[in-house]
Amino acid sequence: MTAHSPTTTKDVMTGQEIVKAILASKGPIEVRAPHGDRLVTRGWVQEAALRMLLNNLDPDVAERPMDLVVYGGSGKAARNWDCFKAIVKALTELANDETLLVQSGKPVGIFKSHENAPRVLIANSNLVGHWATWEHFRELDKKGLMMFGQMTAGSWIYIGTQGILQGTYETFAALARKHFGGSLKGRVVLTAGLGGMGGAQPLAITMNGGVALCVEVDETRIQRRLETRYLDVRAESLEHALTLAKEAKAEGKAISIGVHGNAADILPRMLALGFQPDALTDQTSAHDPLNGYVPLTEDGKPMELSAAVKLRAENPDQYLKLANAAIVRHVETMLAFQKAGVITFDYGNNIRQVAFDHGVKNAFDFPGFVPAYIRPLFCEGKGPFRWAALSGDPADIAVIDQAILENFGDNEELCRWIKLAGERVKFQGLPARICWLGYGDRAKMGKIMNDLVAKGDVKAPIVIGRDHLDSGSVASPNRETESMKDGSDAVADWVYLNAMINAVGGASWVSLHHGGGVGMGYSLHSGQVIVADGTPEAEMRLQRVLTTDPGMGVIRHVDAGYDEAISFARESDIRIPMWEI
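As the structure is a computational prediction, the values presented were derived from the model and not from experiment.

Novice: Help me get a handle on the environment of L231, residues and values and all.
Specialist: Within the element layout of this structure, L231 appears in the loop between helix 7 (219–227) and strand 8 (233–234). In this structure L231 comes out as buried when scored by relative accessible area, which is 2%. Separated by 19 residues in the primary sequence, L231 and A212 place their C-alpha atoms 8.9 Å from one another. Setting aside anything within four residues of it in sequence, one finds L231 in contact with L194, P202, I222, R225, L226, S256, I257 and G258.

So, in structure tokens, the structure goes:
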């Protein structure tokens with residue numbers, strides 16, 4: 001049974017019809033977010049939470065929606081179908097002075113709060129340190145006591161591959177500035193993984209003028225990236241892929257090439273053939289070797305995807321053994337490419353740590369992307385700021401795009417991104433956009449959006465959120481907080497402070513997660529979402545939350561001793577108590 005399969009806005013079922021179908025269902029059905037300005041809940045904040053939850057499971061958005069898996073191999077929107085139904089029912093009934101509590105995808109309580117409090121508080125996958133392992137998590141998962149929330153899966157603000165696109169674009173732009181004179185024209189970037197996160201890579205690379213050569217083990221993901229225009233062409237074989245890449249490099253042509261295969265097999269073959277890309281990274285779901293990485297066979301040959309799925313179900317221990325061995329081979333090949341002179345970096349999937357744990361003691365010889373390219377942005381509170389049009393009308397995103405061009409005209413890089421996104425990014429689910437904004441600019445943009453709603457220039461409220469991969473909301477020593485200047489890589493206090501200040505400031509929903517991006521035991525992170533509904537009360541909440549949220553990134557890096565953050569904080573009049581004595 002499917003709730004609907006819309007092709008245009010007018011085909012989408014009403015909120016009442018969708019909720020009725022969900023609550024009447026005995027098991028998973030296809031769902032999509034309702035469009036328009038009619039509420040099925042008791043307020044726009046609750047409506048936003050409901051629509052974004054449903055949007056996370058839209059078949060055009062999620063990896064395996066019938067399993068409630070949104071992205072990242074096992075990142076879920078709700079623990080199971082009954083929990084999902086209960087969340088939907090709770091959101092439809094939730095009053096404007098109540099708060100719903102969600103524990104690892106299960107709604108566990110509703111309490112009176114107040115109108116400026118978050119309507120939903122979410123905690124996903126959190127385990128006490130000693131027990132914060134995949135093994136313990138999987139035991140609890142089997143018992144139905146937990147789920148893996150990833151970052152934006154369990155916090156209901158995933159917007160498809162676009163959600164990571166500008167961050168990926170910014171990373172490759174920084175790579176180009178640092179190593180290639182500001183452009184990737186005539187450069188080949190080799191990578192693997194075209195899933196929910198990695199699928200942004202081909203478009204981000206070509207938007208920077210480069211040649212993207214992308215290895216993917218799942219043919220359906222290659223097809224999906226072709227359909228959504230993130231990928232330009234599929235090669236017929238490895239040899240064909242290398243020919244296409246070499247020709248495009250020589251011509252200075254920007255093109256993205258997908259090649260079907262297992263990276264642990266394809267990369268060593270490329271190395272043996274003498275192929276040398278200009279840069280190398282990886283975005284397979286290696287953070288979760290059981291659910292996210294497809295192994296080789298015992299004799300080192302590619303394993304059919306169907307055989308891998310069968311092995312995972314029947315003998316997970318053997319699957320893990322083979323997956324870990326494949327990851328070792330994968331990383332050893334990346335190190336060999338690096339030794340040969342290829343610019344090599346980790347793109348935040350914890351592949352180095354898995355390899356290190358299984359004997360590759362020099363796995364960390366190539367750096368992570370944050371210390372290599374992104375940290376200066378974090379020092380100014382910049383990070384992945386995103387919004388979605390609850391109306392479902394792409395015209396609302398176009399209106400906001402134009403407002404950015406008019407109000408941030410002096411920011412050439414931002415305006416270039418907005419123009420490129422408008423031309424090249426296909427929406428998945430509710431129309432949405434992302435751009436990297438920092439302290440001051442996020443609050444400015446929040447007011448602009450709220451004013452657009454108030455004036456009726458957009459047809460319904462706008463939901464504003466971000467990735468948990470932000471400047472002051474994550475502790476992840478192998479990714480966002482790798483190689484901090486003061487050695488505070490593993491300090492997670494900032495994550496909790498971020499969640500608390502956003503909650504008291506009036507965010508619409510706030511989440512605290514463990515393990516996203518890099519796996520159990522390696523990260524803690526928080527998220528916030530806030531709704532611009534055009535009211536004066538929303539404007540006040542937006543100004544508070546969209547100031548304190550990026551502000552946390554600035555003060556976190558001030559505390560770590562970064563000169564860029566210290567200068568920015570002084571210029572922005574951010575109060576630092578230790579400066580006041």
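Novice: Report on the pairing of strand 6 (residues 188–192), specifying residues and quantitative values.
Specialist: Counting buried positions along strand 6 gives five out of five residues, so the element sits mostly inside the fold. By the bridge criterion, five bridges tie strand 6 to strand 7 (residues 211–216) in an arrangement that is parallel. Each bridged residue has a counterpart across the sheet, and for L190 the counterpart in strand 7 is L213. Sheet topology places strand 6 next to strand 10 (residues 279–280); two bridges connect them, and they run parallel.

Novice: Describe unusual backbone geometry, listing the residues and the values that go with them.
Specialist: Here the phi dihedral of W156 falls at roughly 60°; this positive angle occurs in a residue that is not glycine. Judged by its relative accessible area of 0%, W156 falls in the buried class. Despite not being glycine, N350 has its phi angle at roughly 65°, a positive value. Within the secondary structure, N350 is located in the loop between strand 11 (343–344) and helix 12 (351–357).

Novice: Can you tell me about the packing of aromatic side chains, naming the residues and giving the values?
Specialist: Using the criterion set out here, one finds 15 aromatic pairs in the structure. Seen from their ring centres, F172 and F345 are 6.2 Å apart, and the 65° between their planes marks the pair as edge-to-face. Taken together, the residues F172 in helix 5 (residues 162–179) and F345 in the loop between strand 11 and helix 12 connect sequence positions 173 residues apart. Overall, F345 belongs to the buried group, its relative accessible area being 0%. Ring geometry for F345 versus Y373: centroids 5.2 Å apart, planes at 75°, classification edge-to-face. One end of the pair, F345, is in the loop between strand 11 and helix 12; the other, Y373, is in helix 13 (residues 369–378), and 28 residues separate them in sequence. Its relative accessible area of 9% is what places Y373 among the buried residues. Aromatic rings pair up to connect F172, F345, Y347, F369 and Y373 into one cluster.

Novice: Explain the sheet that holds strand 7 residue by residue, including any values.
Specialist: Taken in spatial order, the six strands make up an open sheet running 8-9-7-6-10-11, and their pairing is parallel. Unpaired on one side and paired on the other, strand 8 and strand 11 mark the two borders of the sheet.

Novice: Give a detailed account of the side chain of Q46, specifying residues and quantitative values.
Specialist: You can see Q46 is positioned in helix 2 (residues 44–56). Of note is the side chain of Q46, whose polar atom sits 2.8 Å from the backbone oxygen of L94. Residue contacts for Q46: discarding those within four places in its chain leaves T41, L91, L94, A95, N96 and R119.

Novice: Give me the packing of helix 10 (residues 305–314) against helix 11 (residues 316–339): which residues, what numbers.
Specialist: Across the interface, helix 10 lies against helix 11 with an axial gap of 5 Å and an inter-helix angle of 125°. Classified by the angle their axes make, helix 10 and helix 11 are oblique. Along the contact surface, helix 10 presents A308, L311, R312, A313 and E314, while helix 11 presents P316, Q318, Y319 and L322.

Novice: Give a detailed account of the environment of L242, specifying residues and quantitative values.
Specialist: Note that L242 resides in helix 8 (residues 238–251). Given the relative accessible area of 5%, L242 is considered buried. Taking the C-alpha atoms as reference, L242 lies 8.5 Å from M270; in sequence the two are 28 residues apart. Among all residues touching L242, those that are not within four sequence positions of it are L213, M270, L273 and F275.

Novice: Mind laying out the environment of N350, listing which residues take part and the relevant values?
Specialist: Looking at N350, the relative accessible area reads 2%, which means it is buried. Sequence spacing of N350 and R312 is 38 residues, and the spatial spacing of their C-alpha atoms is 20 Å. Among all residues touching N350, those that are not within four sequence positions of it are H287, N478, V518 and Y522. A distance of 2.8 Å separates a polar atom in the side chain of N350 from a polar atom in the side chain of N478.

Novice: Which residues make up the nonpolar core, and what values do they have?
Specialist: With 117 residues, the main nonpolar core has M52, F84, W156, W387, I464 and W509 as its most contacted residues. The leading source of residues in this core is helix 2, at eight residues. Residue contacts for W387: discarding those within four places in its chain leaves I397, I400, I404, P431, A432, R433, C435, M449, I462, V463 and I464.

Novice: Run through the packing of helix 5 against helix 15 (residues 412–424), naming residues and quoting values.
Specialist: Axis separation between helix 5 and helix 15 bottoms out at 12 Å; the angle between their running directions is 125°. As the angle between them shows, helix 5 and helix 15 are arranged oblique. Crossing hand, helix 5 versus helix 15: right-handed. Only E413, R416, W417 and L420 of helix 15 make contact with helix 5, whose side of the interface consists of L165, Q166, Y169, E170 and R177. Here the contact of helix 5 with helix 15 is composed, by residue class, of four nonpolar, one polar and four charged.

Novice: Can you break down the pairing of strand 4 (residues 106–112) residue by residue, with the values?
Specialist: In the sheet, strand 3 (residues 98–103) pairs with strand 4 via six bridges, with the strands oriented antiparallel. Following the sheet pairing, L101 is matched in strand 4 by G109. A loop of two residues connects strand 3 with strand 4, the two strands running antiparallel in sequence, and S104 in this loop sits at a positive phi of about 45°.

The rules we used
- Residues numbered from 1 in each chain as written.
- Predicted model: local features only at pLDDT ≥ 70, side-chain atom pairs only at ≥ 80, totals over all residues.
- Heavy atoms only, no water.
- Helix = DSSP H or I, 4+ residues; strand = E, 2+ residues; numbered from the N terminus.
- Buried < 20%, exposed > 50% of the residue type's maximum accessible area, 1.4 Å probe, protein only.
- Contact = heavy atoms within 4.5 Å.
- Pairing = 2+ DSSP bridges.
- Phe/Tyr/Trp six-rings, centres within 6.5 Å; stacked < 30°, edge-to-face > 60°.
- Polar contact = N/O pair within 3.5 Å; in protein donor to acceptor, adjacent residues only side chain to side chain.
- Axes fitted to C-alpha atoms, helices over the stretch in contact; angles between N-to-C directions.
- Parallel < 35°, antiparallel > 145°, perpendicular 65-115°, else oblique.
- Core = buried A, V, L, I, M, F, W, Y, C linked by side-chain atoms within 4.5 Å.
- Left-handed = near helix turned anticlockwise from the far one by under 90°.
- Nonpolar A, V, L, I, M, F, W, Y, C, P; charged D, E, K, R; others polar.

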